[in-house]
Amino acid sequence: MIDNIKIVAADIDMTLTSKGDGLPQVTKDAFEVLHRNGVKIGLGTGREINDKLRHQGKDWGLSFEFDFVVGMNGGMVLDHDHNDRYWETDMLSREEMKDILEYMLPLVDKYRIGVNCEGNENHNAMYIQGELLESSRRHGFEFVDCTGDVERFCERPTFKFLFRTEAEHEAEVREYFLKKYADKYQIVGTFPGTVEVMHKGIDKGSGLEKYAQWNDIVMENVIAFGDNENDDTMLEYAGWGVCLKDGAEGTKKYANALTDYDCLNGGVGHYLFDHYIAPKGLH
């Protein structure tokens with residue numbers, strides 16, 4: 001365990017909260033104690049940094065806004081403490097989008113895979129059902145149905161594609177994608193059956209490292225929490241990486257430790273109290 005934590009970074013969905021739920025009270029309490037003691041608290045998420053994410057702290061009932069957000073799986077970094085210092089990676093061009101989608105379309109149509117864009121306020125989608133439909137309800141917008149219309153789907157650049165299928169089809173989707181694109185793009189899991197496609201070289205670990213460098217903090221003083229594949233690099237880069245006890249088996253291999261409690265029961269908050277706040281006598 002880190003002797004002197006300077007940064008706490010945590011994934012959102014199924015790490016800090018169940019999808020669409022609030023922040024468990026024990027995690028709120030832990031964040032408040034650490035923040036009072038000068039620790040930077042931030043999010044490492046696959047979501048786009050928008051107005052809602054910029055104010056997520058207050059929305060969850062914290063007395064402060066998060067000091068930073070690593071968004072879009074590392075493709076966006078926001079530093080609230082320094083005049084909202086901000087960085088973002090290049091988007092997928094319309095030509096790249098069309099090439100990828102036309103190649104993936106046989107599997108998309110075969111399994112009626114929900115596909116959507118994320119980033120650049122692009123809400124185009126295909127086969128709006130299941131988890132894709134639930135996602136739109138949680139985030140308060142409606143996807144634009146572009147099923148069968150690749151040209152319309154790719155009408156504006158975006159940061160990434162999400163392919164949402166049944167868990168048993170995920171391996172086939174990955175294998176088919178990597179057969180053509182392994183050298184140029186990456187495909188990572190965020191939830192059983194859900195994978196995301198982005199340019200290579202973008203990940204939460206490098207985004208977190210960028211924020212730490214901006215603030216002259218070494219990664220040895222960073223603790224990170226996650227639960228799934230897109231969190232792997234964040235746990236790997238941090239001085240201490242912690243996976244939720246109910247996280248993916250592959251992600252546990254990148255962690256230094258596991259929480260004793262799951263996401264629903266405030267695993268992050270309990271871990272911070274039990275292994276750092278209480279031993280340090282912080283209040």
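Everything discussed here concerns the structure shown above.
Residues numbered from 1 in each chain as written. Predicted model: local features only at pLDDT ≥ 70, side-chain atom pairs only at ≥ 80, totals over all residues. Heavy atoms only, no water.

J.: Give me the pattern of salt bridges: which residues, what numbers.
T.: Taken as a whole and judged by the stated rule, the model has 18 salt bridges. Lys-98 is the salt-bridge partner of Glu-151, the closest N and O atoms lying 3.5 Å from each other. One end of the pair, Glu-151, is in helix H6 (residues 150–153); the other, Lys-98, is in helix H4 (residues 94–111), with 53 residues separating them in the sequence. What makes Lys-98 buried here is its relative accessible area of 19%. It is possible to trace a salt-bridge network through shared partners that takes in Asp-11, Lys-204 and Asp-231. (Salt bridge = Lys/Arg side-chain N within 4 Å of Asp/Glu carboxyl O. Helix = DSSP H or I, 4+ residues; strand = E, 2+ residues; numbered from the N terminus. Buried < 20%, exposed > 50% of the residue type's maximum accessible area, 1.4 Å probe, protein only.)

J.: Account for unusual backbone geometry, naming residues and giving values.
T.: One non-glycine residue, Tyr-127, lies in the positive phi region at around 50°. In this fold, Tyr-127 is placed in the loop between strand E7 (124–126) and helix H5 (130–139). By relative accessible area, which is 12% here, Tyr-127 ends up buried. A positive phi angle, near 55°, is found at Asp-216, a position not held by glycine. In this structure, Asp-216 sits in the loop between helix H8 (204–214) and strand E12 (222–226).

J.: Could you give me a rundown of the nonpolar core, with the residues and numbers involved?
T.: Counting residues in each nonpolar core, the largest one holds 38 residues, and the members touching the most others are Val-8, Phe-31, Ile-223, Phe-225 and Leu-272. Among the elements of the structure, strand E1 (7–10), helix H1 (25–36), strand E2 (40–44), strand E4 (76–79), E12, strand E13 (240–243) and helix H11 (267–280) are those that each provide at least two residues to this core. A per-element tally of this core places H11 first, with 5 residues. Apart from the residues within four sequence positions on either side, Val-8 is in contact with Phe-31, Leu-34, Val-39, Lys-40, Ile-41, Gly-42, Phe-68, Ile-223, Phe-225 and Leu-272. (Core = buried A, V, L, I, M, F, W, Y, C linked by side-chain atoms within 4.5 Å. Contact = heavy atoms within 4.5 Å.)

J.: I'd like a description of the state of the cysteines, backed by residues and values.
T.: Counted according to the given criterion, the structure contains 0 disulfides. Cys-146 carries a free sulfur, and the closest cysteine sulfur to it, the one in Cys-117, is 7.8 Å from it. (Disulfide = S-S within 2.5 Å.)

J.: Before we move on, can you summarise the pairing of E2 with the specific residues and values?
T.: On a regular strand, each side chain points to the face opposite its neighbour's, so the side chains alternate between the two faces of the sheet. Where burial is concerned, most of E2 is hidden: 4 out of the 5 residues are buried. When E1 meets E2, the two strands line up parallel, connected through 4 bridges. In the strand pairing of E2, Val-8 is matched with Ile-41. Between E1 and its parallel partner E2, the chain crosses via H1, and the hand of that crossover is right-handed. (Pairing = 2+ DSSP bridges. Right-handed = clockwise from strand over helix to strand, strands pointing away.)

J.: Break down the packing of aromatic side chains for me, with residues and values.
T.: The description of an aromatic ring pair rests on the distance of the ring centres and on the angle between the ring planes. Following the criterion strictly, the structure yields 11 aromatic pairs and no others. Ring geometry for Phe-64 against Phe-66: centres 6.4 Å apart, planes inclined by 80°, an arrangement best described as edge-to-face. Here Phe-64 falls in the buried class, since its relative accessible area comes to 8%. Classification of Phe-66 by relative accessible area gives buried; the value is 2%. Here Phe-68 and Tyr-211 contribute two aromatic rings whose centre-to-centre distance is 4.0 Å and whose plane-to-plane angle is 20°, an arrangement assigned as stacked. Here Phe-68 is found in strand E3 (residues 68–71), whereas its partner Tyr-211 is found in helix H8, with 143 residues between them in sequence. Judged by relative accessible area, which is 0%, Phe-68 ranks as buried. A residue is classified by how much of its surface remains accessible, and Tyr-211, at 0% relative accessible area, is buried. Its end group placed over the ring of Trp-87, Lys-210 keeps NZ or CZ at 4.6 Å from the ring centre. (Phe/Tyr/Trp six-rings, centres within 6.5 Å; stacked < 30°, edge-to-face > 60°. Lys NZ or Arg CZ within 6 Å of the ring centre and 35° of its normal.)

J.: Any details on H5? Residues and values, ideally.
T.: Leu-132, Ser-135 and Ser-136 are the residues of H5 that are buried. Looking straight down H5, one finds its buried side chains confined to an arc of 95°; they lie on one side. Of the surrounding elements, those touching the buried residues of H5 are strand E6 (114–118), E7 and strand E9 (160–164). Immediately downstream of H5, the backbone of Gly-140 shows phi near 75°, a positive value. (Arc of directions from axis to C-beta.)

J.: Explain the packing of H4 against helix H7 (residues 170–181) residue by residue, including any values.
T.: It is the contact of H4 with H7, at a shortest axis distance of 11 Å, that shows an interaxial angle of 160°. Here H4 is positioned roughly antiparallel relative to H7, judged by the angle of their axes. Note that H4 runs across H7; the crossing there is right-handed. Every residue of H7 that contacts H4 at Asp-99, Ile-100, Tyr-103, Met-104, Pro-106, Leu-107, Lys-110 and Tyr-111 is listed here: Glu-172, Val-173, Tyr-176, Phe-177, Lys-179, Lys-180 and Tyr-181. The class makeup of the residues in the contact of H4 with H7 is 10 nonpolar, no polar and 5 charged. (Axes fitted to C-alpha atoms, helices over the stretch in contact; angles between N-to-C directions. Parallel < 35°, antiparallel > 145°, perpendicular 65-115°, else oblique. Left-handed = near helix turned anticlockwise from the far one by under 90°. Nonpolar A, V, L, I, M, F, W, Y, C, P; charged D, E, K, R; others polar.)

Scope: geometric values only; no functional claims are made or implied.
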